[in-house]
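Chain and residue survey
So the chains spell out like this:
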Amino acid sequence: MPEDTPPKQPIHEGGSDFVVVSNRLPVDRISTEDSDAGWRRAPGGLVTALAPVMATRDGAWVGWHGAPDEVLEPFHHESMDLIPVPLSSDEVELYYEGFSNSTLWPLYHDVIAPPEFHRTWWDSYQLVNTRFAEAAAQAAAPNATVWVQDYQLQLVPQYLRALRPDLRIGFFNHIPFPSPEIFAQMPWRKAILEGLLGADLIGFQRPNDTANFLRSARRFLGAGVKAKQVHVKDAAGRYSHIARAEPFPISIDVCQIQELAARPDIIARSQQIREDLGNPKTILLGVDRLDYTKGITHRLKAYGELLLDDKVKVEDASLIQVASPSRERVETYKQLREDVEGMVGRINGQFDTIQNTAIRYLHHSYPVEEMVALYLAADVMLVTALRDGMNLVAKEYVAARTNNTGALVLSEFTGAADQLKQALLINPHDIDGLKNTIVRAIDLPRRESGRRMRAMRKQILAHDVQRWSDDFLNTLAQKAIRDDS
Ligand code: G6P
């Protein structure tokens, strides 16, 4: 079957044995004048994580294709069956920008921004979760495995179980799960916990997230929790099933990044980047979605002060900050963009010379090839998130540094800090500590950076995304065998 063509048979005739459900389909529309121009694989953490798994299994992927008010037929792309779920413009506003990204996102990231609670947003969240559950129920073959992804779809496991009790249901939360003290603010906390507990296996990034979830289940539902297992009851109070919660720290496609890092054209591009910046002694790099959880303003503050203190000189060092556009209609994101761009403008205005730029700020998304060229060009990688479920950029940087050079400055508030213990760990709120660590990273002796990078690479090479998904899916499969016996 040619790529991107509607299949002659309905994709899910008889159903798929493996179905992934996520808010977004793993493709972006190629924008040309021609509205039927086609699709290409989307960049980003979730897609990076699951595309290799989809390629090796005969699966279907259920998700929104990214445009409002448009109903699309299922189609094939790069050996994946894609099943679009439509969202109206109102639902984009209430379910996606509202409940998902102005209620859940800030609440789950330790209320860095104040979450808003609106009943109309919650109504829309329930409605859209129902639609996703129905689409998954229709796509799945008898006894299939369905893997639901992330905070936008926390009610899907429960709804799906009600529609299709034969399915084996997994859920993975890509973002942190907050402590019960913070989760307590959620007016619909019981409904959300019950939604998640519809799954057989609930995966989190860190042991801490898992513990937070289990404590919330105990506290707000009075659920029986023993050894990471929750005894789930149905609406009538009868025993339904056992849901298991466990950490599965996500990773990256290490092979892909290493292969790109070895490609002569990408190596040449990384040298070109250095030259274009005037061959400074040190290139520092930040790569983030433009999101307030990423600590971009803290990083810029520290860097600006280092220039002011003359600890870093604009002739010697250049900071490249890639900030990819994200959730641009949400107020907190609009405000953040203004803050970041104001800071960059002020710092550059003060320290730039005709020849040198303090911060090269790029408000774009780039293909992975260009990202790897940037990783190769960067002597110091700055990851200063205030809270982050994992942070795959940190792992990609390590994977790209095949010659064991380079220094990673990493926030202790990322899931990645659990695995990349030899990074230079920082608390981004401690601006003096951050400044000292940036200077230390710039001056890190070759032997020490080599030792640290080797250890981190060892960890990453042994734990790629394939292993992550295998671990999750094997645990889900074994649990089903145990439950049946
Ligand atoms: C995070 C979330 C994903 C989300 C991505 C991009 O990584 O965990 O679920 O898809 O951000 O955000 P967006 O709102 O553009 O889908």
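Residues numbered from 1 in each chain as written. Predicted model: local features only at pLDDT ≥ 70, side-chain atom pairs only at ≥ 80, totals over all residues. Heavy atoms only, no water.

Take the pattern of salt bridges next. Per the counting criterion, the structure on display carries 29 salt bridges. A salt bridge links Asp110 to Arg387; its shortest N-O distance comes to 3.1 Å. Of this pair, Asp110 sits in the loop between helix H2 (89–108) and helix H3 (119–139) while Arg387 sits in the loop between strand S16 (380–383) and helix H13 (392–400), and the two are 277 residues apart along the sequence. Owing to a relative accessible area of 12%, Arg387 belongs among the buried residues under this scheme. The salt bridge partner of Asp309 is Lys435, with a shortest N-O separation of 2.9 Å. (Salt bridge = Lys/Arg side-chain N within 4 Å of Asp/Glu carboxyl O. Helix = DSSP H or I, 4+ residues; strand = E, 2+ residues; numbered from the N terminus. Buried < 20%, exposed > 50% of the residue type's maximum accessible area, 1.4 Å probe, protein only.)

The next subject is the side chain of Gln205. Locating Gln205 in the fold gives a position in the loop between strand S9 (201–204) and helix H7 (207–221). Among the polar contacts listed, one links the side chain of Gln205 to the backbone oxygen of His174, at a separation of 3.0 Å. Only 3.1 Å separates the side chain of Gln205 from the backbone nitrogen of Ile250, close enough to count as a polar contact. The contacts of Gln205, once residues within four sequence positions are left out, are Phe172, Asn173, His174, Pro247, Phe248, Pro249, Ile250, Gly389 and Met390. (Polar contact = N/O pair within 3.5 Å; in protein donor to acceptor, adjacent residues only side chain to side chain. Contact = heavy atoms within 4.5 Å.)

Below, the discussion takes up the sheet that holds strand S13 (residues 282–289). Overall, parallel pairing links the six strands, which are arranged S15-S14-S13-S16-S17-S18 in an open sheet. With partners counted over all chains shown, the strands left at the sheet margins are strand S15 (359–362) and strand S18 (424–426), one partner each. Sheet twist, expressed as the average angle between the axes of neighbouring strands with direction ignored, equals 20°. Where S13 and strand S14 (residues 317–324) come together, eight bridges link them in parallel fashion. Directly across from Arg289, in S14, lies its bridge partner Ser324. Here H13 sits on the sheet and contacts S13, S16 and strand S17 (407–411); the angle it forms with S17, its principal contact strand, is near 165°. (Pairing = 2+ DSSP bridges. Axes fitted to C-alpha atoms, helices over the stretch in contact; angles between N-to-C directions.)

With that settled, consider the site of the ligand. Residues in contact with the ligand, as listed here, are Arg24, Tyr96, Asn101, Asp150, Tyr151, Gln152, His174, Ile175, Arg289 and Arg327. Arg24 has a polar side-chain atom sitting 2.7 Å from an oxygen atom of the ligand. Within the side chain of Asp150, an N or O atom sits 2.6 Å from an oxygen atom of the ligand. When isolated, the ligand has an accessible area of 370 Å², and the protein chains bury 78% of it. Among the residues making up the shell around the ligand, the classes are represented as three nonpolar, three polar and four charged. (Near = heavy atom within 4 Å. Areas by Shrake-Rupley, 256 points an atom, 1.4 Å probe, with all protein chains shown as cover. Nonpolar A, V, L, I, M, F, W, Y, C, P; charged D, E, K, R; others polar.)

Following the sequence through the fold, Leu160 ends up in helix H4 (residues 156–163). Separated by 13 residues in the primary sequence, Leu160 and Asn173 place their C-alpha atoms 17 Å from one another. Those residues in contact with Leu160 that lie beyond four places of it in its chain are Ala133, Ala136, Ala137, Val146, Leu167 and Ile169.

Another point: the pairing of S13. Among the eight residues that make up S13, seven are buried, leaving the element largely enclosed by the rest of the structure. For the crossover that starts at S13, traverses helix H10 (residues 296–308) and ends in the parallel S14, the hand is right-handed. Inspection of the sheet shows S13 paired to S16 by two bridges, in the parallel sense. Considered in S16, the bridge of Leu285 is made with Met381. (Right-handed = clockwise from strand over helix to strand, strands pointing away.)

Before going further, it helps to spend a moment on the nonpolar core. Counting residues in each nonpolar core, the largest one holds 99 residues, and the members touching the most others are Phe132, Ile192 and Phe213. Of all the elements, H3 adds the most residues to this core, at 10 residues. Residues from two domains meet in this core; each of domain 1 (16–250 + 467–484) and domain 2 (254–463) gives at least three. The next biggest cluster of nonpolar side chains, apart from the first, holds 61 residues, and it includes Leu25, Leu82, Ala394 and Phe472. (Core = buried A, V, L, I, M, F, W, Y, C linked by side-chain atoms within 4.5 Å. Domains from an automatic or database assignment.)

Here we take up the side chain of Ser270. In this structure, Ser270 sits in helix H9 (residues 264–276). On the basis of relative accessibility, which here comes to 7%, the residue Ser270 falls in the buried class. The residues touching Ser270, leaving out its near neighbours within four places in the chain, are Ala373, Leu376 and Ala377.

Now for the sheet that holds strand S4 (residues 59–64). Sheet strands line up and pair through hydrogen bonds in the backbone, either parallel or antiparallel. Pairing is mixed in the open sheet, where 10 strands are placed in the order S5-S6-S4-S1-S7-S8-S9-S12-S11-S10. The open sheet has two edge strands with one neighbour each: strand S5 (75–77) and strand S10 (224–226). Here the average twist between neighbouring strands, direction ignored, is 25°. Looking at chain direction, S10 and strand S11 (residues 229–233) are connected through three bridges and run antiparallel.

Here the focus is unusual backbone geometry. Positioned with a positive phi, Asp110 is a non-glycine residue whose angle comes to about 55°. For Asp110, a relative accessible area of 30% puts it in the partly exposed group. Phi at Val111 is positive, roughly 45°, even though this residue is not glycine. For Val111, the location among the structural elements is in the loop between H2 and H3.

Moving on to the packing of aromatic side chains. The relation between two aromatic rings is expressed through the spacing of the ring centres and the mutual angle of the planes. By the definition in use, this model includes 23 aromatic pairs. A ring pair is formed by Trp64 and Tyr96, whose centres lie 5.7 Å apart and whose planes are at 55°; its orientation type is tilted. Note that Trp64 is positioned in strand S4 and Tyr96 in helix H2, a separation of 32 residues in sequence. Judged on exposure class, the residue Trp64 and its partner Tyr96 are both buried. Measuring from ring centre to ring centre gives 5.5 Å for Trp105 and Tyr151, while their planes differ by 55°; the resulting arrangement is tilted. On the criterion of sequence distance, the pair formed by Trp105 in helix H2 and Tyr151 in the loop between strand S7 (140–149) and H4 is long-range, its members being 46 residues apart. When sorted by exposure, Trp105 lands in the same class as Tyr151, which is buried. A connected cluster of aromatic rings, assembled from ring pairs, spans Tyr108, Phe177, Phe183, Phe204, Phe213 and Phe220. (Phe/Tyr/Trp six-rings, centres within 6.5 Å; stacked < 30°, edge-to-face > 60°.)

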